[in-house]
Each structure stands twice: as C-alpha cells, then as structure tokens.
Amino acid sequence: MQYKIGIGYDIHRLEPGRPLFLGGVEIPYGKGLLGHSDGDALIHALCDALLGALALGDIGEHFPDTDPKYKGISGSRLLKTVKELVDSNGYGINNVDVVVITQEPKLVPFKNKIKQTLCSLMNIREDTLNIKAKTNEGLDAVGNKEAIACYAAVSLIKS
Ligand code: MG
C-alpha cells in the first residue's frame with residue numbers, strides 16, 4: 001500500500017488550576033485538561049490518527065492509563081514515540097489536518113507556535129500540517145467551557 005489514512009478524536013475535561021497543554025504548547029488560561037497524562041487532547045487525537053493509519057490500535061492500548069509509568073506523560077513524548085512507530089513501519093507522514101474545538105481560550109494567537117512544535121516533534125514540513133480552531137457555538141460541554149475536543153486526520157506515504 002502506497003498510502004494509508006487515519007482519523008483520531010479526543011476530549012478532555014477542563015479543570016481549574018491545571019496547566020493547559022495543546023499540541024505540546026502551554027497556553028496560559030487558568031484551567032487545564034484533566035487526565036492521567038498532561039491531558040493534551042490535540043496530541044492524543046493526532047497519535048490515534050497515526051496509529052489508526054498503521055492499523056496499530058489506539059493510544060489507550062500503547063500507553064494504558066492504569067500503568068503508573070505513564071502518569072503525567074507529556075504529549076510531546078507520546079507523539080515522538082508514535083512517530084517512531086510510523087518510521088519503523090516504513091511510512092512517512094504525507095499530511096496532517098487537525099480540528100481543535102474550544103469555546104475558550106481563543107486558539108488563534110497560539111496556532112503558529114502549535115504548528116511549529118508539532119512539525120518539529122514529527123520532523124515534517126510546515127506546509128504539510130494544518131490546524132483549524134473552532135468554537136462549539138456555546139453548545140454542550142465544550143461550548144460551556146467544561147472541555148476541549150480535537151479531531152485529527154493523517155495520511156501516510158510508503159517511504
Ligand atoms: Mg486523551
């Protein structure tokens with residue numbers, strides 16, 4: 001197979017007093033994403049998309065939240081590890097598309113930094129990665145500022 005595609009989704013609860021990490025970047029907000037890891041829903045969705053394209057399951061299977069060694073694990077470390085799996089399976093990342101749904105904080109001021117960080121973690125060109133920031137129009141938990149949700153789609157090309 002020359003090409004493979006994968007999709008990923010994640011949602012985490014926002015909790016006061018935690019640092020907010022999205023795409024490996026700390027965003028000043030006063031609330032952060034709750035999780036056994038650092039709660040980086042963007043990177044979790046992206047890792048699941050990459051694992052999906054490789055037909056290798058999901059991050060819950062690779063990094064179980066019942067295992068204390070993954071407590072507090074950063075999104076950056078997860079993404080680097082999953083990218084190594086892409087490489088070792090003989091594929092390269094062709095392109096990445098991400099949707100971040102957050103009522104607050106506004107993501108626009110951080111989009112460039114997130115893009116640079118993700119591209120550097122995966123060692124890919126910036127013109128192969130796109131980030132879209134949406135609100136939830138005030139609807140449901142995300143619209144009520146109780147959570148942040150992310151979708152990711154990737155295509156891999158045989159290297
Ligand atoms: Mg997650």
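These notes cover the structure that comes with them.

The rules behind these values
- Position labels on residues start from 1 in each chain and follow its written sequence.
- Residue-level local features of this predicted model are given only where pLDDT is at least 70; pairs of side-chain atoms are given and counted only at 80 or more, and the full residue set underlies all totals for whole chains, interfaces and linings.
- Only hydrogens and water are set aside; all other atoms, that is, all heavy atoms of the structure, feed into the side-chain values.
- Metal donors were taken as nitrogen, oxygen and sulfur atoms no farther than 2.8 Å from the ion, or 3.2 Å where the ion is Na, K or Ca. Water is excluded, so coordination may look unfinished.
- Only DSSP runs of H or I covering at least 4 residues are called helices, and only runs of E covering at least 2 are called strands; the numbering of each starts at the N terminus.
- Throughout, exposure labels follow a simple rule: accessible area from a 1.4 Å probe, protein chains only, divided by the maximum for the residue type, with under 20% read as buried, over 50% as exposed, and the rest as partly exposed.
- Pairing between two strands is assigned when DSSP locates at least 2 bridges connecting them.
- With axes taken as lines fitted to C-alpha atoms, and helix axes fitted only over the stretch in contact, angles between N-to-C directions fall between 0 and 180 degrees.
- Whether two residues are in contact is decided by their heavy atoms: any pair within 4.5 Å suffices.
- Whenever Lys or Arg places a side-chain nitrogen within 4 Å of a carboxyl oxygen from Asp or Glu, that contact is recorded as a salt bridge.
- To estimate the expected span of a helix, subtract one from its residue number and multiply by 1.5 Å.
- The arc refers to the directions leading from the helix axis to the C-beta atoms.

### A look at the coordination of the magnesium ion
Taken together, D10 (OD), H12 (NE2) and H44 (ND1) make up the protein donors of the magnesium ion, found 2.1 to 2.3 Å from the metal. Motif for the magnesium ion, donor spacing along one chain: D-x1-H-x31-H. Placement of H12 in strand 1 (residues 3-16) and of H44 in helix 1 (residues 41-53) is noted, with a sequence separation of 32 residues between them. Neither residue differs from the other here; H12 and H44 are each classed as buried.

### What about the sheet that holds strand 6 (residues 129-134)?
Strand order across the open sheet formed by five strands is 4-1-7-5-6, with mixed pairing between neighbours. In the strand order of this sheet, the two ends are held by strand 4 (31-33) and strand 6, each with one partner. Neighbouring strand axes in the sheet, compared pairwise and without regard to direction, differ in orientation by 20° on average. Packed onto the sheet, helix 3 (residues 75-88) meets strand 5 (91-101) and strand 7 (147-158) and runs at close to 145° relative to strand 5. Docked against the sheet, helix 4 (residues 111-122) engages strand 5 and strand 6, running at close to 145° with respect to strand 6.

### Focus on the pattern of salt bridges
The full count for this structure, using the stated rule, is four salt bridges. In this structure, E104 engages K145 in a salt bridge whose closest nitrogen and oxygen atoms are separated by 3.4 Å. With E104 in the loop between strand 5 and helix 4 and K145 in the loop between helix 5 (140-143) and strand 7, this pair connects stretches of sequence that are 41 residues apart. Classification of E104 as partly exposed rests on a relative accessible area of 32%. Residue K145 is classed as partly exposed on the basis of its relative accessible area, which comes to 34%.

### Some details on helix 3
Relative to the 20 Å expected for 14 residues at 1.5 Å per residue, helix 3 spans 20 Å between its end C-alpha atoms, a close match to the ideal helical length. The set of residues buried in helix 3 consists of G75, L78, L79, V82, K83 and V86. Buried residues of helix 3, seen end-on, are gathered within an arc of 130° and therefore sit on one face of the element. Within helix 3, the exposed residues directed more than 90 degrees away from the buried face are E84 and S88. Here the buried face of helix 3 lies against helix 1, strand 5, helix 4 and strand 7. Just past helix 3, the residue G90 takes up positive phi, approximately 85°.

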